[in-house]
Amino acid sequence: MNESAAVCVRTSYEFRADTQPAQLSVSWEPVPITEITPIPLPETGPLAGKGVVERMRSIGIDIVTALEVPRPARATPEHANLLGINRGDLVLAIERTYYDGDGRAVETADITISDARWEAAYETAVNASALGAEHVGVGDVDEGLRPGRRGSAR
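Residues numbered from 1 in each chain as written. Predicted model: local features only at pLDDT ≥ 70, side-chain atom pairs only at ≥ 80, totals over all residues. Heavy atoms only, no water.

**Regarding the environment of Phe15**
To keep it simple, the criterion reads: Under the DSSP-based scheme used, a helix requires at least four consecutive residues in state H or I and a strand at least two consecutive residues in state E, with every element numbered from the N terminus. Whether a residue is buried, partly exposed or exposed follows from its accessible area with a 1.4 Å probe, protein chains only, as a fraction of its type maximum: under 20%, in between, or over 50%, in that order. Here a residue-residue contact requires only that any non-hydrogen atoms of the pair lie within 4.5 Å.
Assignment of secondary structure puts Phe15 in strand β1 (residues 8–17). Judged by relative accessible area, which is 38%, Phe15 ranks as partly exposed. The spacing of Phe15 and Ser25 is 10 residues in sequence and 8.2 Å in space, taken between C-alpha atoms. Once residues within four sequence positions are removed from consideration, Phe15 is found in contact with Gln20, Pro21, Ala22, Gln23 and Ser25.

**Topic: the pairing of strand β2 (residues 20–30)**
For a regular strand, side chains alternate in direction, first toward one face of the sheet and then toward the other. Operational definition: DSSP-based pairing: two strands are paired if at least 2 bridges between them are found.
Among the 11 residues of β2, nine are classified as buried, and the element is accordingly described as predominantly covered. Looking at chain direction, β1 and β2 are connected through 10 bridges and run antiparallel. Across the sheet, residue Val9 finds its bridge partner in β2, namely Glu29. The hairpin turn running from β1 into β2, its antiparallel successor, is two residues long, and Asp18 in that turn takes a positive phi close to 50°.

**A closer look at the pattern of salt bridges**
As a reminder of what qualifies: Any carboxyl oxygen of Asp or Glu within 4 Å of a side-chain nitrogen of Lys or Arg constitutes a salt bridge here.
Summed over the entire model, instances satisfying the criterion amount to three salt bridges. Across the salt bridge formed by Arg55 and Glu29, the nearest N and O atoms sit 2.7 Å from each other. Placement of the pair is Arg55 in helix α2 (residues 52–57) and Glu29 in strand β2, with a sequence separation of 26 residues. Given the relative accessible area of 2%, Glu29 is considered buried.

**Thoughts on the nonpolar core**
Under the convention used in this document: We define a nonpolar core as any set of buried Ala, Val, Leu, Ile, Met, Phe, Trp, Tyr and Cys residues linked to one another through side-chain atoms lying within 4.5 Å.
Membership of the largest hydrophobic core is limited to seven residues, which are Ile33, Val52, Met56, Ile61, Ile63, Tyr98 and Val106. Ignoring anything within four residues of it in the chain, the contact list for Val52 reads Glu29, Ile63, Tyr98 and Glu107.

**Some remarks on the sheet that holds strand β3 (residues 63–74)**
In plain terms, the rule: For helices, the axis comes from a line fit to the C-alpha atoms of the stretch in contact; other axes are also lines fit to C-alpha atoms, and the angle between any two N-to-C directions lies between 0 and 180 degrees.
The sheet built from five strands is open, its strands ordered β1-β2-β5-β4-β3 with antiparallel pairing. Every interior strand has two partners, whereas the edge strands, β1 and β3, have only one. Direction aside, the axes of adjacent strands within the sheet are offset by 15° on average.

**Quick notes on the environment of Glu68**
With respect to the helices and strands, the residue Glu68 is situated in strand β3. Judged by relative accessible area, Glu68 falls into the buried class, the value being 18%. Separated by 29 residues in the primary sequence, Glu68 and Thr97 have C-alpha atoms spaced 6.6 Å apart.

See below:
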């Protein structure tokens, strides 16, 4: 995160789909952004569990950019235990950071998805009319997990 000296709230999540472990996420939010607001912790208060974008919007911070860096990785012993896979199995590791309009990082997360069971799917709306023919802007992104389609293990 850009605010490397800031104390952060660290939250760990385990997501399930079709009753199976699907995704792990560890997120960090800088305490100075939310400490004197109704949403100091992601999973408590009036917007508990509502997600970063909605929580930040409630305190006047509009998230305008999400940067995701996906990388192939191997499951650590912790990942394997929580995802119900073997240590060393392939996983998709995604580093995601949400930025506000000033370019300030307001949340970053390390996301881990089992490659053997799920695939990450991204759908991006492209808005060329707003920027002219020379540039294409990226609009809304719909992302999610779906059961994998490759091989019999999926």
